[in-house]
Amino acid sequence: MTVPFSLTPLLQYIEQQHEPICAYYYDLDYLAQRARWISESLPQRVHFYYAIKANSDTPVLTTLAPHVHGFEVASLGEIHKARQASSGTPIAFGGPGKTQVELQGAIEADVELYHVESELQLVRLNALATKSGKVVKVLLRVNPRFDLPDATLQMAGKPTQFGIDQDRICDVLDSLPAYSHIRCVGFHFHALSNNLDARSHLLLVQSYVEVARSWQRAYGLNIEVLNIGGGIGINYTPGGAQFDWPYYCQEVERYLDSGDFDFPLAMECGRFVTATMGCYVTEVTDIKVNHGENFAILRGGNHHFRLPSSWQHNHPFQVVPVEQWSWPCPRPGVSQQEITLCGELCTPKDVLAKQVTVDQLRVGDLVLFDKAGAYGWHISHHDFLSHPHPHRVYLHDNHLCQIDSVIAGTN
Ligand SMILES: Cc1ncc(COP(=O)(O)O)c(C=O)c1O
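Reading guide: rules and limits
- Residues numbered from 1 in each chain as written.
- Predicted model: local features only at pLDDT ≥ 70, side-chain atom pairs only at ≥ 80, totals over all residues.
- Heavy atoms only, no water.
- Domains from an automatic or database assignment.
- Contact = heavy atoms within 4.5 Å.
- Buried area = accessible area lost by both parts, 1.4 Å probe.
- Salt bridge = Lys/Arg side-chain N within 4 Å of Asp/Glu carboxyl O.
- Near = heavy atom within 4 Å.
- Polar contact = N/O pair within 3.5 Å; in protein donor to acceptor, adjacent residues only side chain to side chain.
- Areas by Shrake-Rupley, 256 points an atom, 1.4 Å probe, with all protein chains shown as cover.
- Nonpolar A, V, L, I, M, F, W, Y, C, P; charged D, E, K, R; others polar.
- Helix = DSSP H or I, 4+ residues; strand = E, 2+ residues; numbered from the N terminus.
- Buried < 20%, exposed > 50% of the residue type's maximum accessible area, 1.4 Å probe, protein only.
- Pairing = 2+ DSSP bridges.
- Right-handed = clockwise from strand over helix to strand, strands pointing away.

Enquirer: Is there a simple way to think about the domain arrangement of the chain in this case?
Expert: For an interface, size is often stated in terms of accessible area lost upon the parts coming together. Along its sequence, the chain is organised into domain 1 (8–26 + 277–401) and domain 2 (42–269). Spacing between the C-alpha centres of domain 1 and domain 2 amounts to 35 Å. Taken together, the 14 residues of domain 1 in the interface contact 15 residues of domain 2. Where domain 1 abuts domain 2, roughly 1,200 Å² becomes buried across the two surfaces, and 64% of that area is made up of carbon and sulfur atoms. Among the residues of domain 1 in contact with domain 2, Trp-311, Tyr-375 and His-378 are the three that bury the most area, contributing 47% of the side total. Across the domain 1-domain 2 interface, the total number found is one salt bridge. The salt bridge partner of Arg-392 is Asp-57, with a shortest N-O separation of 2.6 Å.

Enquirer: Just to check I follow, could you spell out the site of the ligand for this structure?
Expert: Among the 14 residues in the neighbourhood of the ligand, the closest are listed as Ser-193, Gly-231, Glu-268, Arg-271 and Tyr-375. Within the side chain of Glu-268, one N or O atom sits 2.7 Å away from a nitrogen atom of the ligand. Between the ligand and Arg-271, the relevant distance is 2.9 Å, taken from an oxygen atom to a main-chain nitrogen or oxygen of the residue. Here the ligand, which alone exposes 400 Å², has 91% of that area covered by the protein. Tallied by class, the residues present in the shell around the ligand amount to four nonpolar, five polar and five charged.

Enquirer: What's the story with unusual backbone geometry in this structure? I'm lost.
Expert: Peptide bonds are, in most cases, trans, and in most cases residues other than glycine have a negative phi. The phi angle at Lys-371 is positive, at roughly 55 degrees, despite the residue not being glycine. Although it is not a glycine, Tyr-375 sits at a positive phi angle of roughly 50 degrees. Tracing the backbone shows Tyr-375 in the loop between β18 (366–369) and β19 (391–396).

Enquirer: Where do I start with the pairing of strand β2 (residues 46–51) in this structure?
Expert: Residues in a regular strand point their side chains to alternate faces of the sheet. Burial of β2 is extensive: six of the six residues sit out of reach of the surface. Here β2 shows no split at all, with Val-46, Phe-48 and Tyr-50 on one side and His-47, Tyr-49 and Ala-51 on the other all buried. In this sheet, strand β12 (residues 265–269) lies alongside β2 in parallel orientation, the contact comprising five bridges. Following the sheet pairing, Phe-48 is matched in β12 by Met-267. Viewed along the sheet, the connection from β2 through helix α3 (residues 58–64) into strand β3 (residues 70–73) turns out right-handed.

Enquirer: Would you mind showing me how to read the environment of Pro-4 here?
Expert: By the element assignment, Pro-4 lies in the segment before α1 (8–15). A residue is classified by how much of its surface remains accessible, and Pro-4, at 43% relative accessible area, is partly exposed. Residues Pro-4 and Val-351 lie 347 residues apart in sequence; the distance between their C-alpha atoms is 25 Å. Residue contacts for Pro-4: discarding those within four places in its chain leaves Tyr-30 and Thr-276.

Given below as structure tokens:
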């Protein structure tokens, strides 16, 4: 496994540290390049949003802002982060639990688009918009009734807390004239996460368009945008085939050109944008044999990087050997053996890779987990056991900026 960016600045940075290291390392130049590639391969009629829940660090958002049509957010906190990083980038506000305070905050922040997930959200939003004298634009988030392709997570196409049941959309459309300060400008679908198959994703998009077209015809709606969600996957299996993005973009373009509709689409990707721009690196602090199996303990774990235990997968990693050893005893290690990589927490769930074979792994070596830029730090329970937080360092213009290197207790 090799990460798609240079590790040299990170390794130099690590050499200067005195404590066992634990760090997120993000390459902003690589991220800018990737964002450009993603947006330039999409047809012009597809607006590219970044779902900031995947990684909402300010340097990430400022890097992405010039390359995206907008940011998709899911809380008032994310609205503030998005506005702080780039006051001019449009915001689409989703999420099933928007409170009155959040909606009010969104109106004050002049959020451009609301993804409405229930009839009560419409009522609340209309009341607040009326009070503020603003007309707000909404997309109705649909929980579709048709079959969906396989993916790691499924948010819709089955009973879930997300969106409005497809069977209720006609009732909601009938009720729209009652909302004086709401302008419904389309629909929103985000049904799954981590789809690795471009063909099935394309069929999904076509199903979304067909359903939206049927409502457009029945209600004479002026659809300004149809948001087809995110969900483009990253294959975490070493050597596994990645989502065929060029093929997908080419086929979406062909479909748009041949279709009998002229509204634009929007995509709101998270994982696909930021996963590969970051890694999580940790030092091995101990190695032991228990009940005949090898275990490595890492400085860090799922309080920093919850994705592997959340998805119950072996996260891809590489070992970076460190030759220094200063303890007055033989250096514990294994070679050509299976070992389980565990974090430092007091729970057997804190496993980042289980029974994986390594050429060599010794206490003091570094383990570098690849594809950790999305849903890594940002989905983790940082303060369980009150360990220090990892360093978070960014590479930009060949310089490391430790914009956000924080230690627990000081942030
Ligand atoms: C509404 C919504 N849009 C977009 C995304 C981004 O999904 P992904 O990272 O799979 O592209 C999510 C993630 O959960 C989401 O909930």
